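Per-entry structural report
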Amino acid sequence: MPMIYFLAIVLAIGVAAYIIGRGRAAAQTGGAQKQHSRPHYHGWWAFMLAALPALLLIIVWSVGSSLYMERHVEAQLPEQTADSPIASRSLALGMVKSLANALRRLDAQALDNLPATFAELQPALAAKGAALAPDTQDYMIPIATEANSTSDTLRLTGGVLALALALGGAALGIRSIQPRARARNNVERVVLWGLLGSSMIAILTTVGIVLSMLFETFHFFSVVPPAGFFFGTVWDPRFAAAGATDSAGQFGLIPLLAGTLYIALVALLVAVPVGLMSAVYMAEYASRSVRSVVKPALELLAGIPTIVYGIFALVTLGPFLRDLSAALAGGSPFIQAQSIFTAGFVMGIMLIPVVSSLSDDIITAVPRAMRDGSLGLGATRSETIKRVILPAALPGIVGAILLTASRAIGETMIVVLAAGVAANLTLNPFEAMTTITVKIVNQLTGDLEFNSPQTLVAFALGITLFAVTLVMNIVALYIVRKYREQYE
Amino acid sequence: MNIMSQEKLEEAVSGGMTAKPNEVIKMQGRKVGVFYGDKQALFDVDLDVRQNQVTALIGPSGCGKSTFLRCLNRMNDTIDSARVTGKITLDGEDVYDPKIDVVELRARVGMVFQKPNPFPKSIYENVAYGPKIHGLAKNKAELDQIVESSLKKAALWNEAKDRLNEPGTGLSGGQQQRLCIARAIAVSPEVILMDEPCSALDPIATAKVEELIDELKQNYTIVIVTHSMQQAARVSQRTAMFHLGYLVEEGATDKMFTNPDDKRTQDYITGRFG
């Protein structure tokens, strides 16, 4: 019986506990003592006592038993040697697992007279639609069968335990219903923990991501010295083949970081003035009807997937700029089809709605009293905007720009398509340069061995990127918070 | 011409009663009506504002007194749905005449708001803001002079002279309101409109601002909206009572508070409603 049935039963017990509990509490109202909590709180508390511990048990049991099964099966595998048919132990483990899963598709009769060799078994499994690796070994069949039965037993035990726990919880919950029982406080405390848990998920996930990246990054730095990575000016991982002794200087971060920052700079030069001016227009000048059209249209721009911008840059804008520059220079184009300018420009267009909607919010948040004060002194609208509203909104706008900058730095798809992959170190915006994100994509999508520095460098790049954007976000948040204090 | 003659007539009449020959009508509203969208907030208000006097506008909340005040320097223009009918003049000139520059009008008719609203700038910059945008000072020394005299007139100089470069938002509520008054004075307006200037202040700060208003009337014409009967009685020479968008009664403050013509005024002043 799969765990999902137990789950359903546990929930059903919980619902029953809720209904009974509420009814019981309702029956107690009107007694001599005034009820502490309203009946539905008693119902909810009974539900929580019944369902939550049992659910927790089911989760822990499932995780625990699958971990146990893994070790259990692995212990039964024969020692792998270099000349075994399957060299890697984890590969063999995977085969047993998929074999065990496939065996579950067979009916009871077929399972009773299982053939001893995989060659005989395979057609029967294939008929059920289970495709298995051809070099699955004969010795794996009994292991898989045994694994299936063990895990069935484990699951049944866990399920029954969970049911017992649910029934016990329900009984406890219903029995504890008394007029003065503090069910509301209990329910609210559980809800509070639930809220806390939800907010912890994001934080813990971030921590997990950082830790896993850090681990791989240390791995990388055990092969390539950190100084060579952080201060190297040459990015050429291909030549630094695994095992080469002089591979240090070839993983230089500098050209990638420079490209990232350069393209982000171009993007901001496009996005910030345009976005800011459109925000000023929308917040201060636009009539309600214009605003109701322009603002959603701008936000629509933010909804376009970045890959589409990338395609636009690659297919339309890049070649157009190249041809234009060729026409201007009379022959040879001075703008390459893939260039910093193209990528930065398109990224800037993408970021306009980000800047404008953030700044629009900040500008409209400047109190009306500021506007009235300035207008009441005989200032014109534009003087009011320039001298009062923008200065008052400036810290917030700076924060918005920093948030935008960290988006620009982390942006991937546009630069993959439009900036090129050549790790140049140049100041000419019309040449190709590449970014950290592009190189992460390149290094991880190649068919390189996972443990080679060529792949591991992606983690070092990733964590560098993470650190850069993290610092920018912290600064941005700090500034935005200071700005808020000003009006409180 | 028509207005002028009417003005003279009224002057002659009122002059005879209060025996003040220099009582000049600075601003005049005739049949002033205000609509917010389709809703009419003010109906046919006829009101004169006399030069170098304090005119108090009183009445229960929502009676249109602030709305009328905001018509005098066309602050209602900043509200999209607002529409003003009738005629308002400043020294006989129609302020809603299309030829009138609203910026210039607001420099002549300054405003102090209900809640102190200093700009998030230094005290100095707050006061210097108006003179700068209107180009009133030729150089830094002149600007310093304007700032100093404005702060002195607003009775804030002694408290603020050592902290001119600190943010205006760091002052106390009463100081902030006096800073806003200094800011309004700095552009040398002829009329200062005050929209419940003391409603956010404690009694001590209120007393200071009231004292200040009394001094300011030497040089300026003041129109003040207030919810406090005592304040109106203390600071104003003329009082106008509004109710439900209509001007109920207008007259010398002493008379309004001792012997009003209209029963509603009597009821409001004695606290029977509002």
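Residues numbered from 1 in each chain as written. Chains lettered and ligands numbered in written order. Predicted model: local features only at pLDDT ≥ 70, side-chain atom pairs only at ≥ 80, totals over all residues. Heavy atoms only, no water.

As annotated in an unreviewed UniProt entry, chain B is Phosphate ABC transporter ATP-binding protein from Kumtagia ephedrae. Quoted verbatim from the Sequence similarities (unreviewed entry) field of UniProt, the annotation for chain B is "Belongs to the ABC transporter superfamily." (UniProt positions renumbered as here; feature names shortened; annotations may be inferred.)

If you check an unreviewed UniProt entry, chain A appears there as Phosphate transport system permease protein from Kumtagia ephedrae. A UniProt comment under Sequence similarities (unreviewed entry) is attached to chain A, and it reads "Belongs to the binding-protein-dependent transport system permease family. CysTW subfamily."

A closer look at the packing of aromatic side chains
For the structure on display, the rule yields 15 aromatic pairs over all chains. Taking 5.5 Å as the distance between ring centres and 85° as the angle between the ring planes, the aromatic pair formed by Trp44 of chain A and Phe47 of chain A counts as edge-to-face. Of this pair, Trp44 of chain A and Phe47 of chain A both sit in helix H2 (residues 39-76), three residues apart, which is roughly one turn of the helix. Among the residues examined, Trp44 of chain A registers a relative accessible area of 37% and is labelled partly exposed. Among the aromatic residues, ring-to-ring pairing joins Phe220, Phe221, Phe229, Phe230, Trp235 and Phe251 of chain A into one connected group. If you follow Arg83 of chain B out to its NZ or CZ, it ends over the ring of Phe35 of chain B, 4.4 Å from the centre. The ring of Phe119 of chain B has Arg183 of chain B sitting right over it, with the charged end atom 4.2 Å from the ring centre. (Phe/Tyr/Trp six-rings, centres within 6.5 Å; stacked < 30°, edge-to-face > 60°. Helix = DSSP H or I, 4+ residues; strand = E, 2+ residues; numbered from the N terminus. Buried < 20%, exposed > 50% of the residue type's maximum accessible area, 1.4 Å probe, protein only. Lys NZ or Arg CZ within 6 Å of the ring centre and 35° of its normal.)

Quick look at a nonpolar patch on the surface
Residues and elements named next belong to chain A. A surface patch of nonpolar side chains, amounting to about 890 Å² of accessible area, comprises Trp193, Leu196, Met200, Ile203, Leu204, Val207, Leu211, Leu214 and Phe218. Of note, Leu214 is situated in helix H7 (residues 183-223). Taking relative accessible area as the criterion, Leu214 reaches 31% and is therefore assigned partly exposed. (Patch = residues over 30% accessible without salt bridge, like charges linked within 9 Å, V, L, I, M, F, W, Y side chains within 5 Å. Areas by Shrake-Rupley, 256 points an atom, 1.4 Å probe, with all protein chains shown as cover. Salt bridge = Lys/Arg side-chain N within 4 Å of Asp/Glu carboxyl O.)

A short note on the interface of chain B and chain A
Each partner contributes to the interface: chain B provides 24 residues, whereas chain A provides 19 residues. Contact between chain B and chain A buries roughly 1800 Å² in total, counting both sides, with carbon and sulfur atoms accounting for 61%. For chain B, the biggest contributors to the area lost against chain A are Pro120, Tyr129 and Ile133 of chain B; these three give 30% of the whole. Where chain B packs against chain A, one counts zero salt bridges. Taken together, chain B and chain A are joined by six residue pairs in polar contact (both at pLDDT 80 or more). Counting only elements with at least two residues in the side of chain B that touches chain A, the list comes to helix H3 (102-108), strand S6 (109-112), helix H4 (123-134) and helix H7 (173-185) of chain B. Looking at the side of chain B that touches chain A element by element, the count peaks at four residues for H4 of chain B. (Contact = heavy atoms within 4.5 Å. Buried area = accessible area lost by both parts, 1.4 Å probe. Polar contact = N/O pair within 3.5 Å; in protein donor to acceptor, adjacent residues only side chain to side chain.)

Let's talk about empty space enclosed by the protein
Residues and elements named next belong to chain A. The full count for this structure, using the stated rule, is one cavity of 30 Å³ or more. Computed from the structure, the largest cavity encloses a volume of approximately 30 Å³. Lining the largest cavity are Thr260, Ile263, Ala264, Met347, Ala408, Ile409, Glu411, Val415, Thr435 and Thr437. Counting only elements with at least two residues in the lining of the largest cavity, the list comes to helix H9 (254-285) and helix H14 (381-410). In terms of residue count, H9 provides more of the lining of the largest cavity than any other element does, three residues in total. Split into classes, the residues belonging to the lining of the largest cavity amount to six nonpolar, three polar and one charged. (1 Å grid on protein atoms, 1.4 Å probe; cavity = no way out; pocket = protein on both sides within 12 Å on 5 of 7 lines; lining within 4 Å. Points joined across faces, edges and corners; volume = space filled by probe spheres on them. Nonpolar A, V, L, I, M, F, W, Y, C, P; charged D, E, K, R; others polar.)

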